[in-house]
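These are the residues of each chain, in order.
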Amino acid sequence: MSSNNVARVLVVGGGYVGMYTALRLQRKLKQELRQGTVEVIVVDPEPYMTYQPFLPEAAAGSISPRHVVVPLRRVLPQCKVVVGEVTAIDHDERRATITTLAAEETGDGAIEVAYDELVLAPGSVSRTLPVPGLADVGIGFKTVEEAIGLRNHVLEQLDIASSTRDPAVRDAALTFVFVGGGYAGVEALAELEDMARYAVRYYHNVKPEDMKWILVEATDRILPEVGPDMGRYAVRELRGRNIDVRLETRLESCEKRVAVLSDGSRFPTRTLVWTAGVKPHPILAASGLPLTGHGRLKCTAALQVDGVEHAWSAGDAAAVPDVTAEPPAKPDEPRALCAPNAQHAVRQSKVLAENIAAAVRGGPIVDYAYKYAGSVASLGLHKGVAHIYGRKMRGYPAWFMHRAYHLGRVPTFNRKARVLAEWTLAGLFKREIVSLGSLENPRAEFELAAGTGRHNEAS
C-alpha cells in the first residue's frame, strides 16, 4: 500500500489530537491532497470523535448523545478513515499493522500500511486497580455509550426502588458510589444527582433524601485542576446537597454488590462508577519508541518523538516539555511537562499539523508554547467552579463560563448550533426522565417472542 511518489501520513487515533491534526492537515496540504502527492490516513476503533467534556451533560439528558460525537468521515472528507485498531508498529520499516472489522469477520487477518510520517495519538484508557469485584460490577465513564448506559442505569434503579417493598433491595438501588474526584467523577456525579433529584418528584414513594450519593477520593482534595480554594468550595457545595464526599479514602472491595471503603464503611449498592484516572494506551508500549517512566512517549517541544525521525505525538500519549514554565532550579532536574488535558491537546494539534506539513514540504518546524489558561468544572445545573487566568469563580458565573468555553471548543459549527439549541430548549421545557435501557440489548424482545419468553404461544 506504499508508493514512492506519495507522502503518506498515518494518524493513529481519532480523538482530540488525531481529528484536529487531520483537520488542519486538510487545510494546510489542500493542494497536495487534491493532486494525490500526499495521503492522510486516520485509524480509530470508532468512526467518530467523542467530545468528552460533554459526557456528564449527555448522561444527565441535557445534550443528545449524537451531538456529543463528531463523525470523522464528515469532517475529514480529504482523508482516508479506517475503522480499526493499530496492533503493532515497526517504525524502522515504517509499517503499521491494523486489525479492521472486516478482517475479524472474514478471518483474512490484519492489514499492513506503510507510512512516511507517523502521528501517535491513541489517547488513554481507564486505569483500573486490582479491587476485588471491580471488573464484575464497575461502570466506566470515558465513552458516550458508557454515559448513556449510566443514565439508563440510574433511572432504572429508581424504578426498582419504587416497585419493591424489600428494604435491602431498595437501599442498594438508591445508593450510588463514584470512585475518583477528578473532572469525570465529580461532573458525572453532580449532573446525575441533579437529574435523579429532579426525577424522583414523579415517583410517589421515592424522595430525594432516600438516595445516597457517595464520592470516594484517595487524595485530600477533589478537582485539583481548579486549585485548592475552588476544590474546597466544590466539596462544601456537594456536601450541602447531602452528597457524602470521602477524602483520603479508597475502595477496598465491591464484591457481591457491597462497596467496602478503607475507612471501614460498607455500602450495599447496585451502582459503582469508576473514574479513578487513566493510563497510556497499550499501543505505545508496543511501538518500540522511547517512553517515560509513566508510559508516555518522550517528545521534544516540537512534538517529535525524542531522538526518532518521522514520528510525532501530542495529547495524552505525549510527554511534552512546557517551555512556558519556570526552568528547573537545578540543571539535572527534568523540565515541567504539559498537562495531558484537552486544552493542551487541541492547541498541540495545530502546531503538530503545521510541523508535519513543514516536514512534508521541507520547511522549518516550530516549538509548542502555550501558557495554561486555567480550568472550569460543572457541579450540576447552574453550579460550577472555575480558575481562569488567576481569577476564581463559582456558582452560576462559573457554570456559564463552563458552558461557553466548551461550546466554543466543540468541533464544527453543526455541533455548536445543535448543542446551543438543545440548551435553549432545555431551559424552556422540563427534563426528560425516560430510561431507554432496552437500547443496549435491542434483540431482547424478539428473542423472548421467538424462544421461551413470556410471548411464547401454546401450540
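Refer to the structure presented above.
Here the structure is a predicted model, which means the values were calculated and not measured.

(A) Broad picture of helix H12 (residues 342-361). For H12, which comprises 20 residues, the first-to-last C-alpha distance of 29 Å matches the rise-based estimate of 28 Å (1.5 Å per residue) to within 8%. Phi turns positive one or two residues past the end of H12, at Gly362, with a value near 90°.

(B) A look at the environment of Leu436. For Leu436, the position within the fold is in the loop between helix H14 (413-428) and helix H15 (444-450). Its relative accessible area of 44% is what places Leu436 among the partly exposed residues. Taking C-alpha positions, Leu436 is 9.1 Å from His153, a pair spaced 283 residues apart along the chain.

(C) The nonpolar core, seen in detail. Core analysis: the biggest nonpolar cluster contains 115 residues, and Val40, Leu76, Phe178, Trp213, Leu223 and Val385 have the highest contact counts within it. Judged by nonpolar contacts, the second largest core, of 14 residues, contains Val131, Leu134, Phe267 and Ala276.

(D) Quick peek at helix H1 (residues 16-28). With 13 residues, H1 should cover 18 Å at 1.5 Å per step; its first-to-last C-alpha distance of 18 Å lies within 8% of that length. Among the 13 residues in H1, 10 count as buried, and that is most of the element.

(E) Region of the structure containing the side chain of Gln348. Counting through the fold element by element, Gln348 comes out in helix H12. In this structure Gln348 touches Leu303, Ala314, Gly315, Val320, Cys338 and Tyr368, once residues within four positions along its chain are discounted.

(F) Examining the packing of aromatic side chains more closely. Overall, the coordinates contain 7 aromatic pairs when judged by the stated rule. Considering the side-chain rings of Tyr16 and Tyr51, the 6.0 Å spacing of their centres and the 70° angle between planes classify their relative orientation as edge-to-face. With Tyr16 in helix H1 and Tyr51 in the loop between strand S3 (48-50) and helix H3 (55-60), the pair connects residues that are 35 residues apart, well separated along the chain. Classification of Tyr16 by relative accessible area gives buried; the value is 15%. For Tyr51, a relative accessible area of 3% translates into the label buried. Ring centres 4.2 Å apart and planes at 20° place the aromatic pair Phe176 and Trp213 in the stacked group. Of this pair, Phe176 sits in strand S11 (residues 175-179) while Trp213 sits in strand S12 (residues 212-216); the two residues are 37 residues apart in sequence, bridging distant segments of the chain. The class for Trp213 is buried, based on a relative accessible area of 3%. Ring pairing ties together the aromatic residues Tyr16, Tyr51, Phe54 and Trp423, which thus form one cluster.

Cut-offs used in this document
- Residues numbered from 1 in each chain as written.
- Predicted model: local features only at pLDDT ≥ 70, side-chain atom pairs only at ≥ 80, totals over all residues.
- Heavy atoms only, no water.
- Helix = DSSP H or I, 4+ residues; strand = E, 2+ residues; numbered from the N terminus.
- Expected span 1.5 Å × (residues − 1).
- Buried < 20%, exposed > 50% of the residue type's maximum accessible area, 1.4 Å probe, protein only.
- Core = buried A, V, L, I, M, F, W, Y, C linked by side-chain atoms within 4.5 Å.
- Contact = heavy atoms within 4.5 Å.
- Phe/Tyr/Trp six-rings, centres within 6.5 Å; stacked < 30°, edge-to-face > 60°.

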